[in-house]
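# Structural characterization, general
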Amino acid sequence: MPVDAQEAQVLKDIATKLRIHSVESTSAAGSGHPTSCSSMADIMSVLFFNTMKYDVAEPKSASNDRFVLSKGHAAPILYAAWAEAGLFPVSELQKLRKLDSDLEGHPTPRLNFIDVATGSLGQGLSVACGMAYVGKNLDKAPYRTYCLMGDGESMEGNVWEAMTFAGFYKLDNLCAIIDVNRLGQSDPTPLQHDMEQYKNRVESFGFHGIVVDGHDINELVKAFDEAANTKGKPTCILAKTFKGHDFPEIADLMNWHGKALGDKSASVVEHLKGLLQNASAPNPKIEGPSGAAPDVSIKDVKLSSPPNYKLGDALATRQAYGTALAKVCENNPRVIALDGDMKNSTFSQNVTKQFPERYIECFICEQNLVGVGIGAACRDRTVAFVSTFACFLTRAFDNFRMGVISQTNINVAGSHCGVSIGEDGPSQMALEDLAMFRTLPGATVFYPSDAVATERAVELAANTKGITFIRLSRPATTIVYANDEVFEIGKAKVVKQSDSDKVLVVAAGVTLDEAVKAAKNLEASGVNVRVLDPFTVKPLDAEGVIKNALECGGRIVTVEDHYPEGGIGSAVADVVSGRRDIVLKKLCVQEVPRSGPPKILIEKYGIGADSIVKAVNEIKDA
């Protein structure tokens, strides 16, 4: 809202106080980024004390405006803004970066006013896009989303993926801000203060660009008002600022990035205090939300109908995924699907046919795909299922890594795993995906082997906290479970067994079919083996693996369509590594594969029935 001269001065004084807090807290910590805070102090003052509408006492109210600090290294000024708003005492700022404080070096949701962790630069705008998309299209609520980025950060490809998304979907409830302070960590940024080029770039992506003096309160107020009144496109405010603004002998100079001011802290604080016109003036009253977001529930999501398959038939698990996804969408109106232009391969297209308003096409931008999913799931507004080829998810690993720190709840489905995809060749074969997702703390990794297990995996994932990953196969696999089979996270299934089993074979997906085939061949030669389907690779059913292994003479063969590191074999090895009474042999893809027919590749790379038979015969008497 417009301000008069007195109100503008109050906001200017708040900006100065935010600079003082940033210097003092980083000085107490002995580290931090006070100069990066200083360049954006005026922006933060206007945003938090004039523009944004939110309930201070309930920072994560569904109806509040959202704010994402993508340049997470400027955390001290974000903390200072919330302290000045009255959420917690200003004195707490002196605990910055201390082990017993949640005011960490970069923001995390350990704090009740943080939606997502930031600090790995370039990811915040994607998350903000997810929030804004939900606000505009699902919640249909008046809250707005703001995302503040650094200029060096704006070179990240992830930022421009997000810009593409926001422009395409005309997210006029989204306002991006770039703090153009000219200086990076070790060099000036590529465009420095070429504000016209910044403006041309953002406008070419469908944004309304506004160039302002980022230290002029009136210009900032006017720009945010203009953004709020711009219809049909998102806005990007390009704020020309100076790093270390109002810090004598530091402002706009290199070699001050990421450093507390040390001996200069006291003199800088003294100078800043001298700039205050009325240090005791009360802060402006913060306006609450402009309207209510709808009450929603994402609990107890179920399949709208049970699996309906015939034992012995064959169906690709990716196809069953699409069926299950449509079923959970039918059960709960807050389940959404996102894909990266692969919906006719992952079968997420089933959602577009029944619930088109709950499908978000993110195109070939995998980092943004994941970031939008994380943003859409914030504040428990949706249950988000993100899908594409599993191999392409490797591009978004850093987004997943930050998602863990963000305590996000998103469900990820990766199809076309392993050499079993066939002729498309190694660039399309996910052979490291299990390893990637197993490294994520708190993640749940499903590897369903048939259509029934896949539907139940989707249902379980929808109700599971943290990141879940469902590994899906391209070829059809045999239906081995009855439609009423009960599945649990961390509980394996014994598919074949006898009282005289010599070896435990652990397999999933396409290799479970191969393991069952091998078991029948071995049985014909007088050797019985037990076949175990893990269902979840993380958590692995450790008790079930050890129990069944011991009943099979302490011999295990794992077989998987995956590289040696980090897959089923590694998970089993982790479980049995401390035991002297169990021997493990791993079958997996040991080299970069090549194109060819699926069945030939499975055998060529040592994970087919013949290879399993050979491995069993080698290990059974070892």
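In the block above lies the structure referred to throughout.
Overview of the structure. A quick note: this is a predicted structure, and the numbers were derived from the prediction, not measured.

Quick look at the overall build of the chain now. Broken down by element type, the chain carries 21 helices and 19 strands. Expressed along its principal axes, the backbone C-alpha trace of the chain runs to roughly 90 × 50 × 40 Å. Per-residue burial for the chain yields a buried fraction of 62% across its 622 residues. A sequence separation of at least 24 residues applies to 80% of the contacts in the chain between residues at least 6 apart. Carbon together with sulfur atoms contributes 49% to the accessible area of the chain, which is approximately 22700 Å² in total.

Time to look at unusual backbone geometry. K538 connects to P539 through a cis peptide bond whose omega is -5°. Its place among the elements puts P539 in the loop between β17 (536-538) and α18 (542-551). Positive phi values are uncommon outside glycine, yet E249 reaches one of about 65°. Looking at where E249 falls in the secondary structure, it is placed in the loop between β5 (235-240) and α9 (265-275). In this structure E249 comes out as exposed when scored by relative accessible area, which is 63%. The phi angle at F535 is positive, at roughly 65°, despite the residue not being glycine.

The next subject is the nonpolar core. If you look at the biggest cluster of nonpolar residues, it comprises 86 residues, and the most contacted ones within it are L125, F400 and F437. The biggest single contributor to this core is helix α5 (residues 124-139), with 9 residues. Those residues in contact with F437 that sit more than four places away from it in its chain are L393, F400, V412, A443, V445, I467, F469 and K538. Among the nonpolar cores identified, the runner-up in size contains 53 residues, and I14, F49, A75 and F224 belong to it.

Moving on, we come to the sheet that holds strand β16 (residues 528-533). Reading across the sheet, the 5 strands line up as β14-β16-β15-β18-β19 and stay open at both edges, with mixed pairing between neighbours. In the strand order of this sheet, the two ends are held by β14 (493-496) and β19 (583-587), each with one partner. Strand-to-strand, the axes of this sheet are offset by a mean angle of 25°, without reference to chain direction. Relative to β19, strand β18 (residues 555-559) runs parallel, the two sharing 5 bridges. Bridge pairing in β19 links T558 to K586. Across the sheet, helix α17 (residues 510-524) touches β14, β15 (501-507), β16 and β18, and the angle it forms with β16 is around 165°.

One open sheet accounts for 5 strands, arranged β1-β2-β3-β5-β4; its pairing is parallel. The open sheet has two edge strands, β1 (66-69) and β4 (208-213), and neither has a second partner. Geometrically, the sheet is characterised by an average inter-axis angle of 20° between neighbouring strands, direction not taken into account. Direction of pairing for strand β2 (residues 145-150) relative to strand β3 (residues 174-180): parallel, over a ladder of 6 bridges. If you follow C147 over to β3, its bridge partner there is A176. Against the sheet, helix α3 (residues 41-51) contacts β1, β2, β3 and β5, and its axis sits at roughly 175° relative to β2. Taken strand by strand, helix α7 (residues 195-204) contacts β3, β4 and β5, and its axis lies near 170° from that of β5.

Helix-helix packing is characterised by the crossing angle of the two axes and by the distance between the axes. For the pair α17 and helix α21 (residues 609-619), the least separation of the axes is 8 Å and the interaxial angle reads 55°. Classified by the interaxial angle, the pair formed by α17 and α21 is oblique. In the packing of α17 onto α21, the handedness of the crossing is right-handed. Facing T511, E514, A515, K517, A518, N521 and L522 of α17, the residues of α21 in contact are A609, I612, V613, V616 and N617. Tallied by class, residues from the contact of α17 with α21 come to 7 nonpolar, 3 polar and 2 charged.

At a minimum axis distance of 8 Å, the contact between helix α13 (residues 366-377) and helix α14 (residues 397-405) shows a crossing angle of 20°. The pairing of α13 with α14 is recorded here as roughly parallel in orientation. As α13 runs across α14, the sense of the crossing is right-handed. Taken together, the residues of α14 that come into contact with α13 (itself represented by Q367, V370 and I374) are N399, F400 and G403. A class-by-class count of the residues in the contact of α13 with α14 yields 3 nonpolar, 3 polar and no charged.

Further remarks concern the packing of aromatic side chains. Across all of its chains, the model carries 20 aromatic pairs by this definition. Ring centres 6.2 Å apart and planes at 75° place the aromatic pair Y79 and F113 in the edge-to-face group. In this pair, Y79 sits in helix α4 (residues 75-85) while F113 sits in the loop between α4 and α5, placing the two residues 34 residues apart along the sequence. Of the residues examined, Y79 reaches a relative accessible area of 1% and is grouped as buried. Ring geometry for F88 and F113: centres 6.0 Å apart, planes at 20°, overall stacked. Separated by 25 residues along the polypeptide, F88 in the loop between α4 and α5 and F113 in the loop between α4 and α5 bring together distant segments of the chain.

Calculation criteria
- Residues numbered from 1 in each chain as written.
- Predicted model: local features only at pLDDT ≥ 70, side-chain atom pairs only at ≥ 80, totals over all residues.
- Heavy atoms only, no water.
- Helix = DSSP H or I, 4+ residues; strand = E, 2+ residues; numbered from the N terminus.
- Buried < 20%, exposed > 50% of the residue type's maximum accessible area, 1.4 Å probe, protein only.
- Contact = heavy atoms within 4.5 Å.
- Areas by Shrake-Rupley, 256 points an atom, 1.4 Å probe, with all protein chains shown as cover.
- Core = buried A, V, L, I, M, F, W, Y, C linked by side-chain atoms within 4.5 Å.
- Pairing = 2+ DSSP bridges.
- Axes fitted to C-alpha atoms, helices over the stretch in contact; angles between N-to-C directions.
- Parallel < 35°, antiparallel > 145°, perpendicular 65-115°, else oblique.
- Left-handed = near helix turned anticlockwise from the far one by under 90°.
- Nonpolar A, V, L, I, M, F, W, Y, C, P; charged D, E, K, R; others polar.
- Phe/Tyr/Trp six-rings, centres within 6.5 Å; stacked < 30°, edge-to-face > 60°.

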